[in-house]
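Spelled out, the chains give:
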Protein chains: 2
Amino acid sequence: MNIGDVAERSGLPAKTIRYYEDIGLVKPLRSANGYRSFRNGDVHKLAFLGRARALGFSIEDCRNLLKLYEDDHRTSAEVKQIAEEHLGRIDRKIAELTEMRATLAHLVDACAGDHRPDCPILADLATTQEEIARANKSG
Amino acid sequence: MNIGDVAERSGLPAKTIRYYEDIGLVKPLRSANGYRSFRNGDVHKLAFLGRARALGFSIEDCRNLLKLYEDDHRTSAEVKQIAEEHLGRIDRKIAELTEMRATLAHLVDACAGDHRPDCPILADLATTQEEIARANKSG
DNA sequence: CCTTGACCTTCCAGTAAGTGGAACCCCTAT
DNA sequence: ATAGGGGTTCCACTTACTGGAAGGTCAAGG
């Protein structure tokens with residue numbers, strides 16, 4: 001199968017598939033004319049990668065997951081560990097974003113958004129840590 | 001003031017400060033010996049940048065916010081628009097991560113995490129869109 | 001006077017995961 | 001013969017830094 005068909009079936013852009021070959025995630029054969037020739041197993045692998053990437057796994061995680069997937073002697077504990085670590089990273093990221101969101105929403109709420117220059121958003125950004133520390137100490 | 005002091009006061013690594021000069025966010029003077037010489041205004045600007053970055057604003061957003069900050073004829077509407085767009089991006093990112101998290105948590109939960117090879121996580125990743133479509137059609 | 005150590009300088013390379021584009025080859029249909 | 005729609009390689013660019021090498025500057029101590 002040529003790369004265009006594989007792209008359609010796997011849902012990945014042809015560019016991405018070439019990139020995945022570059023970094024050794026898939027190893028398609030080559031036809032006489034130099035075109036990549038993908039077997040069903042390659043397409044399956046690429047779909048696997050697409051799904052793992054959609055769940056936010058890093059390429060390195062994907063590489064390891066793929067290795068486990070193809071290893072009959074794997075243990076589910078190994079897979080679960082990768083997934084749990086990733087879950088932890090997601091949770092930390094969500095927490096970080098949620099905190100940003102809260103601060104930002106508060107500031108946006110306080111901003112009139114009119115023609116005047118006064119702006120609590122800029123006022124907050126201009127507040128240095130020193131000033132915050134001073135305010136905390138005195139308040 | 002030398003870069004080390006500025007780094008300490010602004011909370012930004014010296015490397016980052018040099019990078020910010022590189023991309024034109026700050027323009028410190030130079031001493032006779034070639035060292036960067038920061039004025040109070042530069043330190044203030046860097047603290048502003050650090051705070052904006054901590055809220056997740058992109059460098060380009062920071063550039064624009066800084067411009068508005070220094071523009072007496074700004075309107076708070078301009079600032080608010082940047083902040084609202086950023087808030088939207090944060091919300092979309094949180095939604096994306098939350099969805100990933102739900103799927104992943106479900107899979108992790110279903111995985112025994114023992115010595116056996118059977119693993120619902122891998123099974124899910126190996127599920128192609130075709131198979132999902134087929135399952136949806138038949139189910 | 002020399003050295004040591006903590007500063008500072010520039011420049012180059014690498015990170016994650018692709019994406020865009022140029023220049024060029026291949027195959028089929030008209 | 002040529003037009004189109006594939007495919008190929010290679011290089012550059014993206015974000016926001018970070019690490020490291022090679023070397024200049026300065027104050028203190030022996």
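See the structure above.
Topic: the protein's contact with DNA strand C
Taken together, 19 residues sit near DNA strand C, with Lys-15, Tyr-20 and Arg-53 of chain A together with Gly-4 and Arg-36 of chain B positioned nearest. A share of 68% of the atoms of DNA strand C within 4 Å of the protein falls on sugar and phosphate groups. Here Arg-36 of chain B contributes a side-chain N or O atom positioned 2.7 Å from a phosphate oxygen of DNA strand C. The set of elements that each furnish at least two residues to the surface near DNA strand C consists of α2 (14-22) of chain A together with α1 (3-10) and α2 (14-22) of chain B. No other element matches α2 of chain A, which puts four residues into the surface near DNA strand C. For the surface near DNA strand C, a count of residues per class yields seven nonpolar, six polar and six charged.

Examining the protein's contact with DNA strand D
Inspection of the region around DNA strand D gives 19 residues, with Gly-4 and Arg-36 of chain A together with Lys-15, Tyr-20 and Arg-53 of chain B positioned closest. Each atom of DNA strand D within 4 Å of the protein was classed as base or backbone; sugar and phosphate made up 64%. Within the contact set of DNA strand D, a phosphate oxygen lies 3.5 Å away from a backbone nitrogen or oxygen of Ile-59 of chain B. At the level of elements, α1 (3-10) and α2 of chain A together with α2 of chain B are the ones that each hand at least two residues to the surface near DNA strand D. With four residues, α2 of chain B is the single largest residue contributor to the surface near DNA strand D. A per-class count over the surface near DNA strand D returns seven nonpolar, six polar and six charged.

The rules behind these values
- Residues numbered from 1 in each chain as written.
- Chains lettered and ligands numbered in written order.
- Predicted model: local features only at pLDDT ≥ 70, side-chain atom pairs only at ≥ 80, totals over all residues.
- Heavy atoms only, no water.
- Near = heavy atom within 4 Å.
- Polar contact = N/O pair within 3.5 Å; in protein donor to acceptor, adjacent residues only side chain to side chain.
- Helix = DSSP H or I, 4+ residues; strand = E, 2+ residues; numbered from the N terminus.
- Nonpolar A, V, L, I, M, F, W, Y, C, P; charged D, E, K, R; others polar.

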